[in-house]
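Results of the structural survey
Each chain is listed here by its residues.
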Amino acid sequence: MSETIFSKIIRREIPADIVYEDEHLLGFRDVNPQAPVHVLFIPKKPMATLNDADDGDADLLGRLLLAARAFASKEGFAESGYRTVINCNADGGQSVYHLHLHLLAGRQLSWPPG
Ligand code: AMP
């Protein structure tokens, strides 16, 4: 996988508003938020897209969702609601090729997405 801006955030080479960290994951606020709450959860293990995940990554992928859920509970919007999104490749709208889960909350989100 080629180097991305998210690798630099993991290594603290560029700043980010980090809201969550454990052995496996990092969570930080999106620099261009699309909702009042917009956090990205990323695996520290480099993986460009969801297409690169395999059965051995089941635990890691579950951790991304559980971290988002825990953040929603901690911040008090789990009951009002939120959305999690993984964009994959060009048609999915992916712009940074380091797997990430978007967590969006704090306003009524429309459906279908654009
Ligand atoms: P995607 O389009 O799904 O690949 O999402 C990439 C997201 O990364 C976008 O929502 C960007 O706003 C966000 N982003 C890009 N660079 C940074 C950065 N340095 N810090 C935080 N978020 C970023």
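Note that the coordinates shown come from a computational prediction; the quantities given were computed from them, not determined experimentally.

Rules and cut-offs
Residues numbered from 1 in each chain as written. Predicted model: local features only at pLDDT ≥ 70, side-chain atom pairs only at ≥ 80, totals over all residues. Heavy atoms only, no water. Near = heavy atom within 4 Å. Polar contact = N/O pair within 3.5 Å; in protein donor to acceptor, adjacent residues only side chain to side chain. Areas by Shrake-Rupley, 256 points an atom, 1.4 Å probe, with all protein chains shown as cover. Helix = DSSP H or I, 4+ residues; strand = E, 2+ residues; numbered from the N terminus. Nonpolar A, V, L, I, M, F, W, Y, C, P; charged D, E, K, R; others polar. Buried < 20%, exposed > 50% of the residue type's maximum accessible area, 1.4 Å probe, protein only. Pairing = 2+ DSSP bridges.

Around the ligand there are 16 residues in total, and Asp30, Asn87, Ser95, His100 and His102 lie nearest to it. Between the ligand and Val31 there is a distance of 3.2 Å, counted from a nitrogen atom to a backbone nitrogen or oxygen. Here the ligand has 500 Å² of accessible area as a free molecule, and 82% of this is covered by the chains. Breaking the shell around the ligand down by element, the ones donating at least two residues are α1 (5–10) and β2 (25–29). For the shell around the ligand, the element with the most residues is α1, which contributes 3 residues. Considered class by class, the residues forming the shell around the ligand number 7 nonpolar, 7 polar and 2 charged.

Below, the discussion takes up the pairing of strand β5 (residues 101–105). Counted residue by residue, β5 has 5 buried out of 5 residues, so it is predominantly covered. Where strand β3 (residues 37–43) meets β5, 5 bridges bridge the pair, whose relative direction is antiparallel. For Val37, the partnering residue across the bridge sits in β5 and is Ala105. Alignment of strand β4 (residues 82–85) against β5, held across 4 bridges, turns out to be antiparallel. Counted as the bridge partner of Arg83 is Leu104 from β5.

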